[in-house]
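# Understanding the architecture of this molecule
Each chain, letter by letter, is given below.
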Amino acid sequence: MVEKTQETKKSFQLPELRSEYIWAVTFIVFLIPTMIPLGTQVEMTPMTQEIYNNIQALKPGSIVLTGGAGVFSFMLENSPAFIAFLKQAARQHLRVVQLPLGIENVPFFKYCLEAAGVDESAGGPWKYGRDYVVLPYLPGGDPSRVSFLTDVKRTVNTDVYGTPLSQIQLMNDVKDAKSFAYWADASGTDIPSLARISVGMFNLPVIGFVHAYYYGVWSPYLTMYPGKMWFTNGIIGGAQYESLMNYSGLGHSGIDAYQLTSIYYFVLFALGNITMYARKEWKE
Amino acid sequence: MIKSGEAFALMTLVLFAAFVVITYYISKRGKEWYMRPIEALEVIDESIGRSAEMGRPVMCLPGMSGLGNMLTLAGLSICGEVNERAARIGVTPVNLVSAADTLMVMEAMVKNAFVSAEKGELYQPGKYVYWTGSEQFAYATYVMGTIMKEKPAAIIFVGSFLSDIMMNTETGKRVGAIEVGGCTDTTAMATMAMVCDSILIGEEIYAAAAVITKDKALAGSIAGQDWAFIVTLALMTIGVALGLAGIKLLSDLMVL
Amino acid sequence: MSATLEYIRTNLTRALIAVCVLTVLISYFFIAPPVTAAFTELSKWNTNIGTFALFTGLIVIVIRFARTIINRQEDWVFCLYTLILIGTWTTFGIYYGVFSDTYIKAYYSTKIALHAASIGLLIFFNLSAIYRVFRIKNYRTAIFSIAASILVAANSPWGQNLFPGINTLGAWVMDNLQMPGSRTIVVVAAIGGIALSIRILLGLEKGALRAVRSGRGGGED
């Protein structure tokens with residue numbers, strides 16, 4: 001026999017949002033900052049300021065090694081900081097050697113170069129062969145990094161276009177790790193290798209333009225090698241570097257979009273919990 | 001002569017290998033080790049049953065990497081068993097692989113699974129295994145499309161995954177599939193923890209790969225793995241204690 | 001196959017594996033120049049075999065797709081499209097060179113654009129998952145949701161303005177919660193990987209590689 005125990009009453013119920021509606025609003029949230037820049041102010045962090053200062057302190061003609069192994073589309077998150085770095089390097093009359101350790105680093109470097117507008121074809125001060133060189137893709141992982149930093153010309157014979165290194169003006173000043181002032185890596189995935197090899201073995205300091213996720217994962221390296229390793233923090237790091245270079249680029253657009261998305265995150269978080277609790281039946 | 005800095009590593013490798021072999025042979029002699037139930041394996045069993053009830057396929061994804069990755073091998077072990085159980089009860093398995101070498105092994109495994117389930121006449125090459133392309137997001141979009149087309153009742157993601165897992169797991173939720181995940185990459189694991197119904201965390205993947213074959217001796221070798229964990233934990237604890245006391249004995253030993 | 005050939009087939013493989021494994025281990029841990037030279041040679045062979053396997057894989061794919069097209073099986077049009085693309089890009093790359101400006105421009109107008117678009121899709125799925133999953137039902141989901149919220153706010157400019165200490169809190173969460181957890185997983189996964197590789201090398205593993213044995217796996221070989 002079923003006994004009637006308590007009366008129940010339902011409180012106000014919110015319907016569960018369909019994914020399509022959430023996606024539609026997400027699209028609008030991303031569309032707004034692309035059409036109307038929000039001008040988000042980014043707080044500077046000491047790390048990014050230090051990277052800027054370090055590059056600023058280099059003498060004209062110093063050579064910076066760039067490159068790593070990564071996937072182009074993932075490196076887009078690091079590209080704002082790397083583009084700002086290239087602009088600063090060109091302004092300081094530094095020279096750059098790009099060493100692609102992944103196949104897509106070649107087009108990625110070209111993309112960043114074009115976006116920075118530092119090549120003479122875009123009205124910039126850099127000339128290929130004199131101010132920057134792109135080496136060919138170097139497979140082999142860690143052993144190839146060690147080999148390159150030990151003796152550049154025994155490891156690589158030509159540039160990416162097949163021109164012998166002996167015919168390239170910049171490469172006359174490049175012999176080994178001591179020829180470089182820094183290794184600036186925008187791939188975001190190579191930091192453990194670079195810490196071990198570049199800093200640990202060859203004492204070549206590393207500037208890493210890393211993803212926001214990897215910043216947290218690899219921050220112990222900053223304490224392991226103080227004064228030898230620095231990281232920018234994803235899109236926010238890119239926006240910070242752009243602020244230091246007094247322009248507004250992809251980093252600022254990204255941070256505008258992140259500003260709105262993070263608010264949207266809290267809206268969805270609150271809505272999801274309200275929906276769940278509003279569906280509970282209250283018993284008298 | 002041992003290389004400088006490698007003696008400790010060699011010693012620990014030999015020790016861990018000895019643990020695995022010793023426990024394997026002890027198990028073969030009849031000892032039964034207590035193994036805590038791995039929840040994800042129970043969910044896999046339930047999900048295959050659910051697939052049979054609903055008349056929908058079960059989907060297995062051994063990850064994006066090739067045979068050189070340990071996770072792929074563990075994923076293939078689990079997928080092989082899932083395929084056999086599915087074939088036995090009349091559920092269609094759908095397998096998606098990314099690397100070309102994994103494709104060949106998966107085809108052979110699925111054929112073996114059907115033969116073992118005494119349904120060899122139902123097997124056709126190319127019918128149960130699909131190649132998605134080696135690129136990460138080509139894999140993700142192919143998987144998403146296949147999920148929406150096949151509407152599996154259960155999806156098993158065990159292998160090497162990266163951020164693409166978010167797309168696949170969300171799509172699986174849209175078709176109402178039970179999802180079981182396993183990966184050691186922390187980003188993928190965080191996503192799986194968010195979205196999947198059950199996950200295999202860290203070394204549970206390798207333990208599950210042994211347990212799912214129902215070979216007691218092999219499952220017993222997991223005990224050897226646990227002995228290795230105990231040694232590692234002991235070294236960590238002693239190392240921290242000695243380090244705090246300013247004694248460098250252990251750290252000097254480790255760089256021998 | 002005769003018993004002798006079967007014996008040779010099984011044991012030759014085992015002998016080769018044993019030689020390769022010992023060469024790698026000895027060259028890694030011991031100072032032995034002849035073994036190191038052998039390892040260098042084996043590494044080159046490994047690269048050659050890997051390249052050959054890639055080539056074989058390509059042949060397998062072409063055969064499978066060709067079979068699908070000829071038999072007009074499901075989605076045969078996509079298989080034909082894929083084969084045409086493989087042929088076109090291969091010819092294009094060989095003719096212009098993989099690092100030529102033309103190839104790179106074509107590459108990032110197509111593949112990279114698609115790849116970036118696919119990555120862009122992630123945020124949509126992330127947000128719908130957040131709505132569905134980040135619900136405080138018990139203490140575990142509470143910790144999960146609150147930690148995620150702290151990190152989202154810590155990385156956003158409005159969060160840094162509204163809560164001045166949030167950067168420190170976010171860094172604390174990453175250093176004291178996330179890092180020990182991920183390091184633990186890395187350590188245990190590494191040990192688990194060692195155990196699995198030992199089982200495979202010693203022929204104890206009856207999972208993935210049973211497909212390459214004759215008949216059903218199980219029992220002693």
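The following refers to the structure shown. Bear in mind the structure is a predicted one, so any value in this text is a computation, not a measurement.

Contact with chain C, which involves 31 residues of that partner, is made by 35 residues of chain A. Mapped onto the side of chain C that touches chain A, the elements with two or more residues apiece are α4 (101-133), α5 (139-155), α6 (157-162) and α7 (166-201) of chain C. If one sorts the elements of the side of chain C that touches chain A by residue count, α4(C) sits on top with 14 residues. Tallied by class, the residues present in the side of chain C that touches chain A amount to 19 nonpolar, 10 polar and two charged.

The interface of chain C with chain B comprises 45 residues on the first partner and 53 residues on the second. Elements supplying a minimum of two residues to the side of chain C that touches chain B: α2 (33-70), α4 and α7 of chain C. The biggest single contributor to the side of chain C that touches chain B is α7(C), with 15 residues. Across the side of chain C that touches chain B, the residue classes break down as 29 nonpolar, 10 polar and six charged.

Below, the discussion takes up unusual backbone geometry. Residues and elements named next belong to chain A. Its identity is not glycine, yet N246 carries a phi of approximately 60 degrees, on the positive side. Summarising the element assignment, N246 is placed in the loop between α10 (234-244) and α11 (250-278). On the basis of neighbour count, N246 is assigned to the exposed category, with 7 C-beta atoms found within 10 Å.

As a further point, take helix α2 (residues 46-56) of chain A. Residue and element names in this part refer to chain A. By the burial criterion, the buried members of α2 are T48, I51, Y52 and I55. One face of α2 carries all of its buried residues, which in axial projection span an arc of 95 degrees. Residues of α2 that are exposed and point over 90 degrees away from its buried face: P46, N53 and Q56.

With that out of the way, let us pick up helix α5 (residues 136-150) of chain B. Along its 15 residues, α5(B) runs 21 Å from first to last C-alpha, staying within 8% of the 21 Å computed at 1.5 Å per residue. Those residues of α5(B) that sit buried are Q136(B), F137(B), Y139(B), A140(B), T141(B), V143(B), M144(B), T146(B) and I147(B). Tucked inside the fold, the buried residues of α5(B) contact β1 (58-63), β2 (93-97), β3 (129-131) and α6 (165-174) of chain B together with α4 of chain C. Of the residues trailing α5(B), K151(B) is marked for its positive phi of about 50 degrees.

Direction vectors running N to C along helix α4 (residues 100-116) of chain B and α2(C) enclose 60 degrees, while the axes themselves pass 8 Å from each other. Between α4(B) and α2(C), the angle is such that the two are oblique. Crossing handedness for the pair α4(B) and α2(C): left-handed. On α2(C), the residues that touch A100(B), D101(B), L103(B) and M104(B) of α4(B) are A53(C), L54(C), G57(C), L58(C), V60(C) and I61(C).

All names here are of chain A. Strand β7 (residues 229-233) sits mainly inside the fold: five of its five residues count as buried. Burial of β7 is two-sided: the residues M229, F231 and N233 facing one way and the residues W230 and T232 facing the other way are all buried. Bridging between strand β6 (residues 206-210) and β7 involves five bridges; their strand directions are parallel. Bridging across to β7, V210 finds its partner in N233.

Conventions and cut-offs
- Residues numbered from 1 in each chain as written.
- Chains lettered and ligands numbered in written order.
- Predicted model: local features only at pLDDT ≥ 70, side-chain atom pairs only at ≥ 80, totals over all residues.
- Contact = placed C-beta atoms within 7 Å.
- Helix = DSSP H or I, 4+ residues; strand = E, 2+ residues; numbered from the N terminus.
- Nonpolar A, V, L, I, M, F, W, Y, C, P; charged D, E, K, R; others polar.
- Buried ≥ 20, exposed ≤ 12 C-beta atoms within 10 Å, placed from the backbone.
- Arc of directions from axis to C-beta.
- Expected span 1.5 Å × (residues − 1).
- Axes fitted to C-alpha atoms, helices over the stretch in contact; angles between N-to-C directions.
- Parallel < 35°, antiparallel > 145°, perpendicular 65-115°, else oblique.
- Left-handed = near helix turned anticlockwise from the far one by under 90°.
- Pairing = 2+ DSSP bridges.

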